[in-house]
Amino acid sequence: MGYSGGKTARQLESDTDEQVIDKMMRNFQAVFGANLPKPESYVNTRWSHDPYTQGSYSYYKTGSSQADRNALAEPVTNRLFFAGEATSLRHPATTHGAYLSGLREAENIKKIFC
Ligand SMILES: Cc1cc2nc3c(=O)[nH]c(=O)nc-3n(C[C@H](O)[C@H](O)[C@H](O)COP(=O)(O)OP(=O)(O)OC[C@H]3O[C@@H](n4cnc5c(N)ncnc54)[C@H](O)[C@@H]3O)c2cc1C
């Protein structure tokens, strides 16, 4: 598995699958040697073109703060509740942050309705 970010990721997303594989193979062969075989199959994500992720998980933009994560987690009239990694202060950008935020909101719902 290989990750890329920033400008390189955007460039790779505009390449064909074959071009991406060629570039990745050159990097992997520099590490593992020229005899490394080509992959038999592959999945090439193009996350910045996915309208629901727009390329990434949450991050602190310049000028943002933990208050923004708290704002995202604010319920609406105690009827609509928000979980997800972006609402996690302690573990943003992680699967466990997303999971724990779900438990947090379940507890909040329980307090209100049970
Ligand atoms: C490349 C990459 C590597 C990662 N590696 C790790 C790792 O090693 N360890 C780790 O802990 N975490 C890792 N993460 C982070 C982890 O995947 C996320 O933090 C986690 O999936 C967030 O879960 P979530 O439920 O908050 O959001 P998501 O998993 O993003 O779920 C949100 C869902 O809402 C849907 N959605 C969005 N908008 C709408 C809409 N308007 N209507 C309907 N549906 C909508 C989306 O399609 C998506 O299915 C990685 C993430 C990436 C991108």
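Residues numbered from 1 in each chain as written. Predicted model: local features only at pLDDT ≥ 70, side-chain atom pairs only at ≥ 80, totals over all residues. Heavy atoms only, no water.

## Re the domain arrangement of the protein chain
Item 1. Taken domain by domain, the protein chain consists of domain 1 (6–49) and domain 2 (66–113).
Item 2. Using C-alpha coordinates to define each centre, domain 1 is positioned 36 Å away from domain 2. (Domains from an automatic or database assignment.)

## Brief notes about the site of the ligand
Item 1. Surveying the vicinity of the ligand reveals the residues Tyr3, Trp47, Tyr52, Tyr57, Gly84, Glu85, Ala93, Thr94, Thr95, His96 and Ala98.
Item 2. One of the backbone N or O atoms of Thr94 is found 3.2 Å from an oxygen atom in the ligand.
Item 3. Calculation on the ligand without its partners gives an accessible area of 1,000 Å², and the protein chains cover 43% of this total.
Item 4. For the shell around the ligand, the class distribution of residues is six nonpolar, four polar and one charged. (Near = heavy atom within 4 Å. Polar contact = N/O pair within 3.5 Å; in protein donor to acceptor, adjacent residues only side chain to side chain. Areas by Shrake-Rupley, 256 points an atom, 1.4 Å probe, with all protein chains shown as cover. Nonpolar A, V, L, I, M, F, W, Y, C, P; charged D, E, K, R; others polar.)

## Brief notes about unusual backbone geometry
Item 1. Its identity as a non-glycine residue notwithstanding, Thr77 has a phi of 45°, on the positive side.
Item 2. The class of Thr77 is exposed, set by a relative accessible area of 67%.
Item 3. The phi angle at Ala93 is positive, at roughly 65°, despite the residue not being glycine.
Item 4. Inspection of the secondary structure assignment puts Ala93 in the loop between α3 (66–73) and α4 (95–113). (Buried < 20%, exposed > 50% of the residue type's maximum accessible area, 1.4 Å probe, protein only. Helix = DSSP H or I, 4+ residues; strand = E, 2+ residues; numbered from the N terminus.)

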